[in-house]
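A closer look at the structure
Chain by chain, the residues run as shown.
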2 protein chains.
Amino acid sequence: MTTMKEIAVKTGVSVSTVSLVLNGRDKGRVKADIAQKVKAQAKAMGYRPNPLARSLRTSHTRIIGFISEEVATTPYAGNIIVGAQEAAANLGYMLIIVSADGSYEEGKQIAALKRYGVDGFLYAKMYNRVTNVPATLSSHPVVIVNASEPTGRYSSISPNEFTIGYDATQYLLAAGCQRIAYIGDSEPILAQGKRFNGYQAALKDAGQAFRPELVTQVSRNQEAMDSVEHMIQGAHPDGFFCFNDSRSWYVYEAAARRGLHIGQDWSLVGVDNHRVFAETVAPRLTTIELPHYEMGYWATCKLISHIEHIDPSTMTLPATTAPLPPLQADGTTLIHCQLLEKESVVNH
Amino acid sequence: MTTMKEIAVKTGVSVSTVSLVLNGRDKGRVKADIAQKVKAQAKAMGYRPNPLARSLRTSHTRIIGFISEEVATTPYAGNIIVGAQEAAANLGYMLIIVSADGSYEEGKQIAALKRYGVDGFLYAKMYNRVTNVPATLSSHPVVIVNASEPTGRYSSISPNEFTIGYDATQYLLAAGCQRIAYIGDSEPILAQGKRFNGYQAALKDAGQAFRPELVTQVSRNQEAMDSVEHMIQGAHPDGFFCFNDSRSWYVYEAAARRGLHIGQDWSLVGVDNHRVFAETVAPRLTTIELPHYEMGYWATCKLISHIEHIDPSTMTLPATTAPLPPLQADGTTLIHCQLLEKESVVNH
DNA sequence: GTGAAAGCGCTAACAC
DNA sequence: GTGTTAGCGCTTTCAC
C-alpha cells in the first residue's frame, strides 16, 4: 500500500500538495508541472487511496447500506442486489447488505450500518407492497426498492403492475383470443389488484366484455388446481393470463390432462418469478419478467444522486445502461416490464 | 456519536484507560472501581466504538468480502448470502458482497475489497463445481463455498452430492419401488456424476440390479420431455429420482398425460432448486433441498475462525445453530442434505 | 503556490 | 495502575 506521504517524499513536495493534486482540487493552487510530477509518481507507485483513512476524516465512506427482507425466500429477487451492486461498482461505491429476516432485528442492523458510516440506505422489499420505513433511517438519504411508502417522503422504485396486466392481455387479444382467463392470487396483495385492473382495462379498450366466470383467484396446491379446472370446465377459455408461474403450472397441468398443448391449443402469458419454466419449457412460455435488476440498478443511481447532491440526469452512466426512468410527482418511479415473446401464444 | 475522549473527560481519566477498559484489556492494569465507573459512563452515554477509527489503527475491519458469480441467474442460491450474513452478524462482522458476473471484473472487485480492508474472503459459486481461486486472494484467509478447489490450499464447504443420490434412492427403495428411474442432467457437471453414483450405490446395497434403460440424462425443453417419455414407455419405472425440479417437471407432465398422479401411482423424489414446486404442488412433492443457508453460515464461521486464529469448535455459536460439521483431511467439508418427506412417495 | 500543523477516533508503547 | 505520547492515512485550515 503506497501512501500519500511516500509520494510526497519521492516527489519532493508535501503531503498536502499531493492530496490537493490527487483529489483534483489543485486548480489555480498547484503549478501544472508539479501537479504532473505528482500524478506521474502516484501512477508509477500504483497509488490507491485508503478509503478508511479518508472516511475517518470526511465522514463519508462511499458505502451504501442495503436492507432487505426475505432474500431467503423469494426466488430471483436477488437480482435487485445484483443490479444495485453493479450500479454501485460503476459509480465507485460498495454495498453492505444486511437482511432483516434473520435472528438479528432490523434496528440493530441499521445501527451497525450507521456506525460503519454508510452514506445512505437502499430499503428493499422482495415483493411489491406498501411499507413503512423505519424512523431511524430518516437521518440519511433513502431510496425504496420494489415497494412504495405512504408518506411520500422517500423516493421509491417499483414495477408498473398495471401495465403488466394490460400488456399481457393486449398481447393475447392481438393473437385473437376471445375468452381470456385471469388466474390470479387469492391474497389481496398490491400486485394482484393492479395486474387485474390492467387485465380489465385491456379488455375494455378492445371492446371485449369482462366476464367474471373467466376469473379465478387461487391459493395453491390441490385446491388451486381444482379451482382452475372448475373455471376451465365452466368458461372454456382460449387464453390465460397468469399472475405468476406457480399459477401457470395449474394451466399446464390442466392442458396435459386434456392432451392439449400450451402454444398450440391454448395461449398463455404469465409473470415469471421462478424461471423454472424458462429453464424447462422454454421456448414454450411467453413470460413477463419482473425488472429486479433494473430496480436495483436505478435505485442505486438515484440514491447516489441524493448522496452527492447531483441531478440524476447529469450522472455519467455506463453506455450500456438505459437512461434513468423519470420520477413521478410523488417521488415514485414505476418501471415498465418487458413482455418476452415466445411460443405459448397461438394465433387464433 | 459519543467518543472515548468524552467518556474520559466525564469520568476524569485518560482516553487510554477508557480504551483499555472498554476493550477488556484492563485485567490487572486498571483498578476495578475505576473500570466500573468507565463502563457505567460509557453505557450511560450510549457509547459505540467507531469501527473506522479502530480499523485505521489496527488494520482489521471485521468486514468480510463475499465474492460470487451468478447470484443473478441461480434460484435460491441467494440463501448462501443469507446464511453468511447471519453468521457474520452473530459474530459481529459485516459482509460486503460483490458479484463478478457483471460489467466489473473480479480482479477490480477484489482490489477494491482489499482497499476497504476486509479481513478475509468468502469465495462462493452458485452451483457446485471445481474452481480456481484467484491468486490475489492468497494474501488473506479464504473459504470456498459451494465449490471445491484442486490445490487443497483452502477450506471449502459444499453439499454431499453422493448422499443426495443415495438417500433419495434408498427412500424410494424403502417405499417398495422396484424400478427406480434416474432423470439426470445431460451436462457432465460435478453434482450430476456424484448423485448418479449415489443412486447406483443405493441400488447395489439393496441388491437391485442397475438397469441402464431406467436412466436418462436430459437437457431441456421438448427434447428432454421426449427422452423422458421414451424412457417411461420402454422401461416402465414405478419411482423416479430427479436431478432437479426442472427434471421433475417432465415426470409430472408425463403423469398428467396418462391421468396418473405423483404420490398415488408413481413415486418421485427430486432435488428442489427453484421451489416453484414447493409453492405449487406441495405437499405432493418429496424433495431434497440444497443446504445453501447452512453452507453460507458455516463457511462464515470457519472463515472467522481463521481470521481470529481460533479453533472453530470453541466458537460460541447461537444456541439455535447446529455444530460445525467436521473438516475432512483435505480441508473439504461436505454438508449432508436433508430429505423432506412429503407425499410424492407411495408405498408399493 | 506550497508546506506545516492539527485532528478525525482509536490503539499501544512507554513513562511515571 | 494510570497518563502521556505518537501515530494509522488522509483532509483542510492557515501561515508564509
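Computed from a prediction, not measured in an experiment: that's the story for all the values here.

**A short note on the overall build of chain A**
Each helix and strand counted, chain A has 12 helices and 12 strands in total. For a compact globule of 348 residues, the expected C-alpha radius of gyration is about 20 Å, and chain A comes in at 26 Å, more than 25% above that figure. Considered along the principal axes of its C-alpha atoms, chain A spans approximately 85 × 40 × 35 Å. For chain A, with 348 residues in total, the buried portion stands at 57%. Sequence separation of 24 or more characterises 69% of the internal contacts of chain A that already satisfy a separation of 6 or more. Roughly 14700 Å² of accessible area belongs to chain A as shown, and the carbon and sulfur atoms make up 51% of that amount. Once the 32 positive and 33 negative side-chain charges of chain A are each reduced to a mean point, those two points are 14 Å apart.

**Focus: the protein's contact with DNA strand C**
Residues in close proximity to DNA strand C total 24 residues, the closest being A:Arg29, A:Lys31, A:Arg57, B:Tyr47 and B:Arg57. Protein-adjacent atoms of DNA strand C, using a 4 Å cutoff, are sugar or phosphate at a proportion of 64%. If you list the elements that add at least two residues to the surface near DNA strand C, you get helix H2 (15–22) and helix H4 (51–58) of chain A together with helix H2 (15–22) and helix H4 (51–58) of chain B. By residue class, the composition of the surface near DNA strand C is 8 nonpolar, 10 polar and 6 charged.

**Topic: the protein's contact with DNA strand D**
Taken together, 24 residues are adjacent to DNA strand D, and A:Arg57, B:Ser16, B:Arg29, B:Lys31 and B:Arg57 come closest. When the atoms of DNA strand D within 4 Å of the protein are grouped by moiety, sugar and phosphate amount to 60% of the total. Within the side chain of B:Thr17, one N or O atom sits 2.7 Å away from a phosphate oxygen of DNA strand D. Elements with a minimum of two residues in the surface near DNA strand D: H2 and H4 of chain A together with H2 and H4 of chain B. Per element, the largest residue contribution to the surface near DNA strand D is 4 residues, and it comes from H4(A). Class assignment of the residues belonging to the surface near DNA strand D gives a composition of 8 nonpolar, 10 polar and 6 charged.

**A short note on the UniProt feature "domain: HTH lacI-type" (unreviewed entry) in chain A**
The UniProt feature table records "domain: HTH lacI-type" (unreviewed entry) at residues 2–58 of chain A. Helix makes up 65% of residues 2–58 of chain A and strand makes up 0%, while its end C-alpha atoms are separated by 20 Å.

**Looking at the pairing of strand E4 (residues 142–145) of chain B**
Residue and element names in this part refer to chain B. A two-sided burial pattern is seen for E4, the buried positions comprising Val142 and Ile144 on one face and Val143 and Val145 on the other. Two strands pair when backbone bridges link them, and strand E3 (residues 120–124) and E4 are joined in this way by 4 bridges, in the parallel orientation. Paired with Leu122 across the bridge in E4 is Val143. Taken together, the 3 bridges between E4 and strand E5 (residues 155–159) define a ladder with parallel strand orientation. Looking across to E5, one finds that Val145 is bridged to Ile157.

**Some points on the sheet that holds strand E7 (residues 215–218) of chain A**
All names here are of chain A. Across the sheet, which stays open at both edges, the 6 strands sit in the order E7-E6-E8-E9-E10-E12 with mixed pairing between neighbours. The sheet is open, and its two borders are formed by E7 and strand E12 (339–340), each paired with just one other strand. Summarising the sheet, strand E6 (residues 180–185) and E7 pair through 4 bridges and their orientation is parallel. Bridging from a neighbouring strand, Gly184 pairs with Gln217 of E7. On the sheet, helix H8 (residues 190–205) packs against E6, E7, strand E8 (239–242) and strand E9 (267–272) and is oriented at approximately 170° with respect to E6. Most of the contacts of helix H9 (residues 221–235) go to E7, to which it runs at about 175°, and overall it touches E6, E7 and E8.

**Things to note about the pattern of salt bridges**
For the structure on display, the rule yields 14 salt bridges over all chains. For A:Glu161, the salt bridge is made with A:Arg195, and the minimal N-O distance between the two is 2.7 Å. Here A:Glu161, found in helix H7 (residues 161–174), pairs with A:Arg195, found in helix H8; they are 34 residues apart in sequence, far enough to count as distant. Under the relative-accessibility criterion, A:Arg195 is labelled buried at 3%. Here B:Arg258 makes a salt bridge to B:Glu229, at a shortest N to O gap of 3.0 Å. In this pair, B:Arg258 is assigned in the loop between helix H10 (245–257) and strand E9 (267–272) and B:Glu229 in helix H9 (residues 221–235), connecting sequence segments 29 residues apart. Where salt bridges share partners, they join A:Glu69, A:Lys125 and A:Arg129 into one cluster.

Thresholds applied
- What you see as residue numbers is a count from 1 along each chain, following the sequence as written.
- All chains are assigned letters beginning at A, and all ligands numbers beginning at 1, according to the order in which they are written.
- Given that this is a predicted model, residues contribute local features only at a pLDDT of at least 70 and side-chain atom pairs are listed and counted only at 80 or more, while totals for whole chains, interfaces and linings are drawn from all residues.
- Only heavy atoms go into the side-chain values, all of them from the structure, while hydrogens and water stay out.
- Each helix is a run of H or I in the DSSP string that is no shorter than four residues. Each strand is a run of E no shorter than two, and both are numbered from the N terminus.
- Note on method: radius of gyration uses C-alpha positions; expected globular size equals 2.2 Å times residues raised to 0.38.
- With a 1.4 Å probe rolled over the protein chains alone, any residue whose accessible area is under 20% of its type maximum counts as buried; one over 50% counts as exposed, and the rest are partly exposed.
- What makes two residues a contact is simply this: any of their non-hydrogen atoms within 4.5 Å.
- Residue exposure ignores everything except the shown protein chains as possible cover, and the areas themselves are Shrake-Rupley values with a 1.4 Å probe.
- Just so you know, the count uses Lys and Arg for positive and Asp and Glu for negative, and it drops His and the chain ends.
- Charged groups are reduced to one reference atom each: NZ for lysine, CZ for arginine, CG for aspartic acid, CD for glutamic acid.
- Here a residue is near a molecule or strand as soon as one of its heavy atoms is found within 4 Å of it.
- Under the scheme applied, nonpolar residues are Ala, Val, Leu, Ile, Met, Phe, Trp, Tyr, Cys and Pro; charged residues are Asp, Glu, Lys and Arg; polar residues are all the others, including Gly.
- What qualifies as a polar contact is a pair of N or O atoms within 3.5 Å, subject to a donor-acceptor requirement within protein and to the restriction that residues adjacent in sequence count only when both atoms come from side chains.
- UniProt positions are given in the numbering used here, feature names are shortened, and annotations may be inferred rather than shown by experiment.
- We treat two strands as partners when DSSP finds at least two bridges between them.
- Each axis is a line fitted through C-alpha atoms, taken for helices only over the stretch in contact, and angles between the N-to-C directions span 0 to 180 degrees.
- The term salt bridge refers to a pairing of a side-chain nitrogen on Lys or Arg with a carboxyl oxygen on Asp or Glu at a separation within 4 Å.

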